[in-house]
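# Coordinates in review
If you want the building blocks of each chain, they are given just below.
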Amino acid sequence: MRLVLPAALALALPGCAGAFRGPDTCMEIHFDATYALARWAGWPAEEALAIASADAWTDLHPDTTSVATERRLLAGLVIPVAIPWVLCAGTADVVAGDAGPGRAYGRRVAEATAWAVPATGHRLHFPAVGLRSPVLPAFYLNPVSGEIEYGSAEGRRVLERAFLDLQSHDEDLEATLALLGIGLHTLQDSIKHRGYTAAQGHIGAEPNPDSPCCDAGAAILSAEVTLNSLRYARRLVAGSSGRPPRRWREMIRRVFHDHGPSVEDAERRWADFVREQFQEDSPGRTGLLARWRESGGEEPFGRALQKVEDLLR
Ligand SMILES: [Zn+2]
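Residues numbered from 1 in each chain as written. Predicted model: local features only at pLDDT ≥ 70, side-chain atom pairs only at ≥ 80, totals over all residues.

With that settled, the discussion passes to the overall build of the protein chain. The number of helices and strands found in the protein chain is 15 helices and two strands. Pairs at least 24 apart in sequence give 74% of the contacts found in the protein chain among residues at least 6 apart. (Helix = DSSP H or I, 4+ residues; strand = E, 2+ residues; numbered from the N terminus. Contact = placed C-beta atoms within 7 Å.)

Rendered as structure tokens:
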């Protein structure tokens, strides 16, 4: 019973996003750090907010989320063999010593319900050639030279389309900024989801790869390539970009590492950081995201999504 409980809970708890991914720690990478990096790269506050919000929204929009809790729950319920299959296959994995119970049942839940998740959701968060191929990072740190190298092109496809649209001065700049945010999301996920597949996700993985504290090196690499992309994009629009402070990596690492026990702590920490760095009165993540939604940010996000769907078709 002790073994089957995590699987039963993962399939049975309505609305329990935590069963699928854990606390909302990835917002620190997708929203908070991205916003600060965009400001350093020279983007004005409003445009930095548009980019960071689209990055974060990629996890929340029903057509782009890979969590898709409600859809997965429904999938688990409509296929009568799903729950018994998860229990049997998960138990076999635990007995074979492949994984602990949380991960063993978690990945079987992901597998049994993957068909209910929109294809775009899988491809934006687990960029790879197929559902069962492990994710490879869009960029990686060469351990010998210490240089950042090109990795898998799958993790850069949306981002590169955003660069092209910026370069050609596409008249719908709002949608292009949203596209840039979505592209950064996939870039960042290609680094933190390295080695995981879309079919099995990372439900139940310990430590949670979405947490920036799970792998400090990966979190900083993600911040570095995000910053470089934002500076490149800014140059395409404005002819030049901003520079971060000399010790920016240590500063970002400290905010990540000073990891509070709750979502509210992280939100407060990042709001203080933004206030101190950019001398702007930040209402915090929730307030900024609400501001983006109230100003109609979801509309250009929808237009950018059209481009993503054409691109990934
Ligand atoms: Zn994601």
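Here the narrative resumes, following the displayed structure.
Right, let's get into the packing of helix α9 (residues 157-167) against helix α15 (residues 298-312). Put simply, α9 and α15 touch, their axes get as near as 10 Å, and they point 120 degrees apart. When the axis of α9 is compared with that of α15, the two are oblique. In the packing of α9 onto α15, the handedness of the crossing is right-handed. In this structure, α9 contributes R157, V158 and R161 to the contact, and α15 contributes K307, V308 and L311. Grouping the amino acids of the contact of α9 with α15 by side-chain chemistry returns three nonpolar, no polar and three charged. (Axes fitted to C-alpha atoms, helices over the stretch in contact; angles between N-to-C directions. Parallel < 35°, antiparallel > 145°, perpendicular 65-115°, else oblique. Left-handed = near helix turned anticlockwise from the far one by under 90°. Nonpolar A, V, L, I, M, F, W, Y, C, P; charged D, E, K, R; others polar.)

With that settled, consider the nonpolar core. Formed by 56 residues in total, the largest nonpolar core has its most connected members in L37, A38, I51, A54, A178 and A304. Formed by 12 residues, the second largest nonpolar core is a distinct cluster that contains Y105, V109, V135 and I203. (Core = buried A, V, L, I, M, F, W, Y, C linked by C-beta atoms within 7 Å. Buried ≥ 20, exposed ≤ 12 C-beta atoms within 10 Å, placed from the backbone.)

Before going further, it helps to spend a moment on the environment of W292. Of note, W292 is situated in helix α14 (residues 284-294). Take W292: there are 20 C-beta atoms within 10 Å of it, and that puts it in the buried class. Expressed as a C-alpha distance, the spacing of W292 and S53, which sit 239 residues apart in the sequence, is 7.0 Å.

Residue position: A178 is located in helix α10 (residues 173-192). C-alpha of A178 to C-alpha of L305: the two residues are 127 residues apart in sequence and 8.6 Å apart in space.

Within the element layout of this structure, T286 appears in helix α14. Between the alpha carbons of T286 and E267 there is a distance of 8.0 Å; along the sequence they are 19 residues apart.

Let us now look at the packing of α9 against α10. For any two helices packed against each other, the geometry comes down to the angle between their axes and how far apart the axes lie. Running from amino to carboxyl end, α9 crosses α10 at an angle of 155 degrees, the nearest separation of the two axes being 7 Å. Classified by the angle their axes make, α9 and α10 are roughly antiparallel. Of the two possible hands of crossing, α9 and α10 adopt the one that is left-handed. Facing V158, L159, R161, A162, D165 and L166 of α9, the residues of α10 in contact are T176, L179, L180, I182, G183, L184, T186 and L187.

Of the residues making up α9, those classed as buried are R157, V158, L159, R161, A162, D165 and L166. Among the residues trailing α9, H169 stands out with phi positive, at a value near 50 degrees.

The backbone of H169 shows a phi angle near 50 degrees, a positive value even though the residue is not glycine. You can see H169 is positioned in the loop between α9 and α10.

With 85% of its residues at a pLDDT of 70 or more, the protein chain has an overall mean of 85. Note that residues 1-24 has pLDDT below 50 and, in this model, 43 contacts with residues that lie over four places away or in other chains. (pLDDT = per-residue confidence, 0-100.)

Its 16 residues place the ends of helix α13 (residues 263-278) 22 Å apart at the C-alpha level, agreeing with the 22 Å of an ideal helix rising 1.5 Å per residue. Within α13, burial applies to A266, E267, W270, F273 and V274. For α13, the arc enclosing every buried residue in end-on projection is 125 degrees, short of the 170-degree limit, so these residues lie on one face. Summarising the geometry of α13, the exposed residues directed more than 90 degrees from the buried face are E264, D265 and E276. Contacts from the buried residues of α13 go to α3 (27-40), α12 (248-257) and α14. Positioned one or two residues after α13, Q279 has a phi angle of 45 degrees, which is positive. (Expected span 1.5 Å × (residues − 1). Arc of directions from axis to C-beta.)

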